Amino acid sequence: MNKIFKYIGFLAGIVALFALNACEDNISPVVEELKFDRVFTPLDLEAKISNQTTVSISWGFNKGIDSYVVEISDDSLKFDNIIHTASVAPDEIPYIYDLPAGDSQYSARVKGVSSVASDSKWNNLAFKSLPENLFNRHDIIMTGLNEITLSWLGGKAVTSVLFVSATDETSFDISDEELEAGVKYFSDLPNDVYEIRLMNGDKVRGFQDYTMEGDVLIDSGADLAAAIAAASSGDVIMLEAGGRYGFIGDMTIDKSLKIKGLDGELPAVYTTSGDRMFYIGSSLTPSDSLVFEKLHMSGYVNFDENSSKIRGVFDMESEACNIGAVKFLSCELNNMGRQIMRLRGGSDQTVDQFIIDDCIIHDLGSSSGSYGVFCATETNTNARIVKISNTTLDQFVCHFIRYDDATACESIIVENCTFNKVPFKSGRYLMDVRNAVISDGVYVNNCIFGTTSYGDDPSISGIRAADGTTVAINNTYATTDFVNSGYSIVEMCMPLGVSSTSLWTDPDNGDFTFFGDAVEAGDPRWY
């Protein structure tokens, strides 16, 4: 029976085969190619941002497309304001475009175009450029009274510069030549505090805060003492870049003042006679201040290295004072015989804030080593805050800070400073604050200490503070030749494992650039 079914199946297969062969010529052909009236929409659309404002737009390639249309709008998928349109060949993918501003919202859409079919539908996406500031690494140079030269990254799309103060906005157009050079000069700008904005239409491409100040510009060689005497309280006296300003020392300043150099080579300020540059006037109050900015203040009499040295910028003897602040900003303070500031006592002497920032202090204390950058030695000689930051200090025969018996100090803060040969004579202290009442403490942050290896048997000490006074050393480094014989802070520093001469290019001559990889500590000007 099974054999009968097998024969029947075999015969049925043969019959079916002959039937298919007989009908072969009547079968409709298989469709070899599908035809569409519209090209496919570009897929895998992607936008990548580089250099803050450069966008690279890419998508997948489709056959049968002759080109693509790319549109960019400065909104989020609305496409109400198309700022750029381009026809892109298939071999020009990805398409790269420099956007008009950073930190801004944009959209892009792409469609395919063919000569034999309708355009594809759009594919779109939204993206944002990265924050930018075309003023980065460019300076504002003050070249004269109420005159500045502004520079930025040239060749970028910008249309104007906007000066914004608390009460006004003033716009200045940028010419094609200024755009390419990235430089524009301004004059007759009123004294004010500004945010300067670099604009492309209504978009901000750069911003920088700037204070325009200056009430009088003193010619090089003019009598600085006369200018101080003639100034009104609160005035800013400007000095020429590279100028020289000698005056008779021991002068009392009895009004709030700022003395500031124009940008460029620091103007030299020095005495022609006297023991110190200035006294703080007794008529000054806690709301007053004395500020010295962008000056080379030299201790050499007549600015002559073969002459004698004065004691310092300030040396208060028995004169009373009570001032809000004394500040040295972006100055060089060189070759002072004893100190920068000394409060000696006799009468009450108070400086609420003693501030040094972005300075270089070189060769201090060679006439007498019992002093320092700041020196106050009596119970009635007080500075509430002593702060020294972003500063290089080298070749001190004296202490760094001597603050013996203060009763009203809040804090001593030293941060982002580079030290070398400070101090550099036996018997000296980095800081001697042995009896001072310092309520918040002494803080040394992010500094580098170079050599104190003086002679064969150095006796150079670290920080001597009263019992109970906080002394905190944070993120601070020391070379192998930084040694303390007493009150040591060496163990509180992180070891660099090299000597000062192996760490820095030429420390004996004031060059503290790094031989190898920079250590991001100390004075920022060196890294």
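Before reading further, recall that the structure is shown in the block above.
Let us look at the structure shown here. (Residues numbered from 1 in each chain as written. Predicted model: local features only at pLDDT ≥ 70, side-chain atom pairs only at ≥ 80, totals over all residues. Heavy atoms only, no water.)

**Details of the overall build of the protein chain**
Within the protein chain, the regular secondary structure consists of four helices and 44 strands. Principal axes of the C-alpha set define a box for the protein chain whose edges measure 135 × 65 × 40 Å. Here the protein chain, with 527 residues, has 49% of them falling under the buried criterion. Contacts in the protein chain between residues at least 24 apart in sequence constitute 71% of all its contacts with a sequence separation of at least 6. Carbon together with sulfur atoms contributes 48% to the accessible area of the protein chain, which is approximately 24,500 Å² in total. (Helix = DSSP H or I, 4+ residues; strand = E, 2+ residues; numbered from the N terminus. Buried < 20%, exposed > 50% of the residue type's maximum accessible area, 1.4 Å probe, protein only. Contact = heavy atoms within 4.5 Å. Areas by Shrake-Rupley, 256 points an atom, 1.4 Å probe, with all protein chains shown as cover.)

**Considering the environment of Phe400**
Position of Phe400 relative to the elements: it lies in the loop between β32 (392-396) and β33 (401-403). Given a relative accessible area of 0%, Phe400 falls into the buried group. Residues Phe400 and Val161, spaced 239 residues apart in sequence, show a C-alpha to C-alpha distance of 45 Å. When near neighbours in sequence (up to four residues on either side) are disregarded, Phe400 contacts Gly372, Val373, Phe374, Ile388, Leu393, Val414, Phe419, Val422, Tyr429, Leu430 and Met431.

**Section: the pairing of strand β28 (residues 349-357)**
Here eight bridges tie strand β25 (residues 321-329) to β28, and the two strands are oriented parallel to one another. Its bridge partner being in β28, Val326 is matched across the sheet by Phe354. (Pairing = 2+ DSSP bridges.)

**Overview of the packing of aromatic side chains**
When we look at a pair of aromatic rings, we describe it by the centre distance and by the angle of the planes. On inspection of all chains with the given rule, the structure shows 22 aromatic pairs. Geometrically, the ring pair formed by Phe163 and Phe172 is edge-to-face, given 5.6 Å between the ring centres and 85 degrees between the ring planes. The interplanar angle of 80 degrees and the centroid separation of 5.3 Å between the aromatic rings of Phe424 and Tyr454 together place this pair among those described as edge-to-face. Here the residue Phe424 occupies a position in the loop between β35 (418-420) and β36 (429-433), and Tyr454 occupies one in the loop between β38 (448-449) and β39 (461-465), the gap between them amounting to 30 residues. (Phe/Tyr/Trp six-rings, centres within 6.5 Å; stacked < 30°, edge-to-face > 60°.)

**Some remarks on the side chain of Lys255**
Tracing the backbone through its elements, the reader meets Lys255 in the loop between β18 (251-253) and β19 (257-261). At 4.3 Å, Asp254 is the nearest oppositely charged side chain to Lys255, a buried residue that forms no salt bridge. Within the structure, Lys255 has its side chain in polar contact with the backbone oxygen of Ala229 (distance 3.1 Å). At a separation of 2.9 Å, a polar atom in the side chain of Lys255 contacts the main-chain carbonyl oxygen of Ala231. Residues within four places of Lys255 in sequence aside, it is in contact with Ile228, Ala229, Ala231, Ser232, Ser233, Leu284 and Leu290. (Lys, Arg positive; Asp, Glu negative; His and termini not counted. Salt bridge = Lys/Arg side-chain N within 4 Å of Asp/Glu carboxyl O. Polar contact = N/O pair within 3.5 Å; in protein donor to acceptor, adjacent residues only side chain to side chain.)

**Section: the sheet that holds β35**
Here we have 10 strands laid out as an open sheet, ordered β17-β20-β23-β26-β29-β32-β35-β38-β41-β42, and parallel in their pairing. Of all strands in the sheet, those with a lone pairing partner are β17 (244-248) and β42 (494-495), marking the two edges. Summarising the sheet, strand β29 (residues 360-364) and β32 pair through four bridges and their orientation is parallel. Paired with Ile360 across the two strands is Thr392, which belongs to β32.

**Notes on the pairing of strand β44 (residues 511-514)**
What you see with β44 is a clean split: Phe512 and Phe514 sit on the buried side and Asp511 and Thr513 on the side with no burial. Here two bridges tie strand β43 (residues 504-506) to β44, and the two strands are oriented antiparallel to one another. Bridging from a neighbouring strand, Asp506 pairs with Asp511 of β44. Hairpin geometry of β43 and β44 is characterised by an intervening segment of four residues between the two adjacent antiparallel strands and by a positive phi of about 80 degrees at Gly510.

**Notes on the environment of Gly450**
On the secondary structure map, Gly450 appears in the loop between β38 and β39. Excluding residues that lie within four positions of it along the chain, Gly450 makes contacts with Phe419, Asn420, Thr479, Asp481, Phe482, Ser500 and Trp504.

**What to know about the nonpolar core**
Core analysis: the biggest nonpolar cluster contains 79 residues, and Phe328 and Phe400 have the highest contact counts within it. With 22 residues, the next largest nonpolar core counts Ile140, Ile196, Tyr210 and Met212 among its residues. (Core = buried A, V, L, I, M, F, W, Y, C linked by side-chain atoms within 4.5 Å.)

**Details of the pattern of salt bridges**
Any two side chains of opposite charge can pair, given that their charged atoms come close. With the rule as written, the count across this model stands at 30 salt bridges. The salt bridge partner of Arg434 is Asp404, with a shortest N-O separation of 3.4 Å. Placement of Arg434 in the loop between β36 and β37 (438-445) and of Asp404 in the loop between β33 and β34 (409-415) is noted, with a sequence separation of 30 residues between them.

**Section: the sheet that holds β28**
If you trace the 10 strands from one edge of the open sheet to the other, you get β15-β16-β19-β22-β25-β28-β31-β34-β37-β40, paired in parallel fashion. Because the sheet does not close on itself, it has two edges, and the strands there are β15 (216-218) and β40 (471-474). Taking the axes of each pair of neighbouring strands and ignoring which way they run, one obtains an average angle of 15 degrees across the sheet. (Axes fitted to C-alpha atoms, helices over the stretch in contact; angles between N-to-C directions.)

**Quick look at the side chain of Lys260**
Here Lys260 shows up in strand β19. A polar contact of 2.9 Å, which involves the side chain of Lys260, links it to the side chain of Glu213.

**Digging into the environment of Asn509**
With respect to the element layout, Asn509 can be found in the loop between β43 and β44. A polar atom in the side chain of Asn509 sits 3.0 Å from the side chain of Asp506.

**Structural notes on unusual backbone geometry**
Excluding glycine, a negative phi dihedral is what most residues carry, and trans is how most peptide bonds are arranged. Pro94 follows Ile93 through a cis peptide bond whose omega is 5 degrees. Among the structural elements, Pro94 can be located in the loop between β4 (82-88) and β5 (95-98). For the bond from Val422 to Pro423, the omega torsion is -15 degrees, close enough to zero to count as cis. Relative to the elements of secondary structure, Pro423 occurs in the loop between β35 and β36.

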